[in-house]
Amino acid sequence: MAAAPVRQRSGPGGHRAQLPPCYYEGYLEKRGPKEKASRRLWTCLCGNSLYFFNNAKDTHYVEKLDLTGFVSLKDDCSRDRNLEAARLILQMKDGETKLTAPNLESRELWKGFLYSVIDLNVPSYLTLLPGQLQMLQEVVDKERARRRSRNPARAPPSPLSVPLVGEIPPCFRPVSRTEAEVLLERHPDCGNMLLRPGRDGCSLAVTTRQDLNGSVFRHYRVAQRDQGGYVIDVENPIPCATLHEVIDALVEKTAGTLQPFLLEEPYEENITYVSANDENGERILHTAPSSPLPKAPVLPPKQGFSPLSRSPAPDRRILTSPVPASPSNPMRRLILSPSPLTQTLNEELKMTLEKRRASQE
């Protein structure tokens, strides 16, 4: 029987009726850490736990696997007697559980539902259809609402609910205890120690991960002191003035074995924008040019002409205005040296006046 999407079940009583809402169910072959052979069981993902039944009609589950101890989930590429079967390895804190789905599509769906419930986020790296992704988003919303209504006081605090003092170290992450373990497990090359909010919302905690025949996680409480600063709450408390000193103290105490967790998140390398096509209205994603925009060419000014200054209109008063006595002044030369036409007119006028005076005498 193939895996089936959410189908709300309410048995006549017993354990099934008391379980959290069922998000996904179907047959899986399961082999736990201490089991030598696999068993085919009807599996239900209810809340953040897997419940196993002998068959689909049973009302009492035979096993329960709490996913709060989740470490990793990966494909098992080893061959099975059933060539269509697809295997999974579910790594938990107390060991690994091997699951076998009927086919590759069923395995991909199980992975999507498991990651959605564990991370409270729809995984974007799985090969799923748009309708299946929408179904996962609904599961994420329902599970978030269920956890808020069940344990409102123990919800993971936001960074604003923690009164931090001083500069925050770059290894601080606003995540819960389980999410911190998942981050350190998935990115071992980015460091093995991160700072996070505490469960009470008034303190902080340091989560570390090391390898010792598997992942070993440790959590240290960091409390604020009444007189200022912080203290690492261990058997011999370690006072620190700032959160940076908290991280430095743990690095120093472990001779550099613990290193701050620094996850480099990618940034865009180009500027993109969305615009609509003028012809069909289709919206297209464009990449802005990386080179600087060319400037409009500037035409050279004409020779002997300045576009910024114009010669003032000639003013007739300039000839009658006072002129300095300097012989080098060009205006003085202009006035003292009349043109030939002016000189001729002056002589004719002078001769006419002399003749008129002679006739009157």
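Residues numbered from 1 in each chain as written. Predicted model: local features only at pLDDT ≥ 70, side-chain atom pairs only at ≥ 80, totals over all residues. Heavy atoms only, no water.

Trainee: Tell me about the nonpolar core, and name the residues and values.
Mentor: In this structure, Leu45, Leu50, Leu67, Phe70, Leu90 and Phe113 are the most contacted members of the largest nonpolar core, which totals 30 residues. Every element with two or more residues in this core is listed here: strand S2 (22-31), strand S3 (39-46), strand S4 (49-53), strand S6 (70-76), strand S7 (86-92), strand S8 (95-101), helix H2 (104-119) and helix H3 (130-150). For this core, the element with the most residues is H2, which contributes seven residues. Filtering out sequence-adjacent residues up to four positions away, Leu45 remains in contact with Pro21, Cys22, Tyr23, Tyr24, Leu50, Leu67, Trp110, Phe113, Leu114 and Val117. If you look at the next biggest cluster of nonpolar residues, it comprises 18 residues, including Leu204, Val206, Leu243 and Ile247. (Core = buried A, V, L, I, M, F, W, Y, C linked by side-chain atoms within 4.5 Å. Buried < 20%, exposed > 50% of the residue type's maximum accessible area, 1.4 Å probe, protein only. Helix = DSSP H or I, 4+ residues; strand = E, 2+ residues; numbered from the N terminus. Contact = heavy atoms within 4.5 Å.)

Trainee: Lay out the packing of aromatic side chains in plain terms, naming residues and giving numbers.
Mentor: Applying the stated criterion to the full structure yields seven aromatic pairs. With centroids separated by 4.3 Å and ring planes inclined at 10°, the aromatic side chains of Tyr24 and Phe113 adopt a geometry described as stacked. A residue pair is termed long-range when its members are at least 10 positions apart, and Tyr24 in strand S2 and Phe113 in helix H2 qualify at 89 residues. The same class applies to Tyr24 as to Phe113, namely buried. Aromatic side chains Phe53 and Tyr61 sit 6.3 Å apart centroid to centroid with 85° between the ring planes, which places their arrangement in the edge-to-face category. (Phe/Tyr/Trp six-rings, centres within 6.5 Å; stacked < 30°, edge-to-face > 60°.)

Trainee: Tell me about the packing of H2 against H3, residues and numbers included.
Mentor: Where H2 meets H3, the axes come as close as 9 Å, and the angle between the chain directions of the two elements is 30°. Viewed along their axes, H2 and H3 adopt a mutual orientation that is roughly parallel. Relative to H3, H2 is oriented so that their crossing is right-handed. Between H2 and H3, the contacting residues are Glu105, Leu109, Gly112, Phe113, Ser116 and Val117 on the first element and Gln132, Met135, Leu136, Val139, Val140, Glu143 and Arg147 on the second. (Axes fitted to C-alpha atoms, helices over the stretch in contact; angles between N-to-C directions. Parallel < 35°, antiparallel > 145°, perpendicular 65-115°, else oblique. Left-handed = near helix turned anticlockwise from the far one by under 90°.)

Trainee: Just give me the short version of the sheet that holds strand S13 (residues 238-240), but keep the residues and values in it.
Mentor: Strands sit in the order S9-S10-S11-S12-S13 across an open sheet of five strands; the sheet is antiparallel. Each having just a single partner strand, strand S9 (193-197) and S13 make up the two edges of the open sheet. Neighbour-to-neighbour, the strand axes of this sheet turn through a mean angle of 25°, independent of strand direction. In this sheet, strand S11 (residues 215-224) lies alongside strand S10 (residues 204-211) in antiparallel orientation, the contact comprising eight bridges. Pairing of Leu204 across the sheet is with Val222, part of S11. (Pairing = 2+ DSSP bridges.)

Trainee: Quick one: what's the story with helix H5 (residues 243-253), residue by residue and with numbers?
Mentor: What H5 keeps buried is the set Leu243, Val246, Ile247, Ala249, Leu250 and Val251. Residues of H5 that are buried make contact with S9, S10, S11, strand S12 (230-232) and S13. At the exit of H5 stands Ala255, carrying a positive phi of roughly 55°.

Trainee: Quick one: what's the story with unusual backbone geometry, residue by residue and with numbers?
Mentor: Located in the positive-phi region is Leu120, a residue other than glycine, with phi close to 55°. With respect to the element layout, Leu120 can be found in the loop between H2 and H3. You will see that Asn213, though not glycine, has its phi angle at about 55°, which is positive. The residue Asn213 is located in the loop between S10 and S11 in this model. Exposure remark for Asn213: the relative accessible area of 86% places this residue in the exposed category.

Trainee: How would you sum up the confidence of the model for the protein chain? Please name residues and give values.
Mentor: Looking at the protein chain as a whole, its pLDDT mean stands at 79, while 76% of the residues score no less than 70. Predicted confidence for residues 5-14 stays below pLDDT 50, and this span has 22 contacts to residues more than four positions away or in other chains. Between residues 313-323, whose pLDDT stays under 50, and residues either more than four places distant or in other chains, the model counts seven contacts. (pLDDT = per-residue confidence, 0-100.)

Trainee: Residues and numbers for helix H4 (residues 177-186), please.
Mentor: Taken together, the buried positions of H4 are occupied by Ala180, Glu181, Val182, Leu183, Leu184 and Glu185. If you follow the buried residues of H4, they end up packed against S6, H2, S9, S10 and S11.

Trainee: So what's going on with the state of the cysteines? Which residues, and what values?
Mentor: As enumerated under the stated definition, the model contains zero disulfides in all. Cysteine Cys22 remains unbridged, with the sulfur of Cys46 as its closest cysteine sulfur at 4.2 Å. Exposure remark for Cys22: the relative accessible area of 7% places this residue in the buried category. (Disulfide = S-S within 2.5 Å.)

Trainee: Any chance you could break down the pairing of S3 for me, citing the residues and the numbers?
Mentor: Of all the eight residues making up S3, six are buried; the element is thus mostly covered by neighbouring parts of the structure. What sits between S3 and S4 in their antiparallel hairpin is a turn of two residues, with Gly47 showing a positive phi close to 65°.

Trainee: Explain the environment of Leu136 to me, and be specific about the residues and the numbers.
Mentor: For Leu136, the position within the fold is in helix H3. A relative accessible area of 0% places Leu136 in the buried class. Sequence separation of Leu136 and Leu109 is 27 residues, and the distance between their C-alpha atoms is 9.3 Å. Leave out the neighbours within four places in its chain, and Leu136 touches Gly112, Phe113, Ser116, Val122, Pro123 and Leu128.

Trainee: Now, about the pattern of salt bridges: what can you tell me, with residues and values included?
Mentor: Pairing of side chains with opposite charge becomes possible as their charged atoms draw close. For the coordinates displayed, the defined rule picks out 14 salt bridges. Put simply, Glu35 and Arg39 hold a salt bridge, and the shortest N to O gap is 3.3 Å. Using a relative accessible area of 25% as the deciding quantity, one classes Glu35 as partly exposed. Several salt bridges converge on common partners, so that one network encompasses Lys30, Glu35, Arg39 and Glu63. (Salt bridge = Lys/Arg side-chain N within 4 Å of Asp/Glu carboxyl O.)

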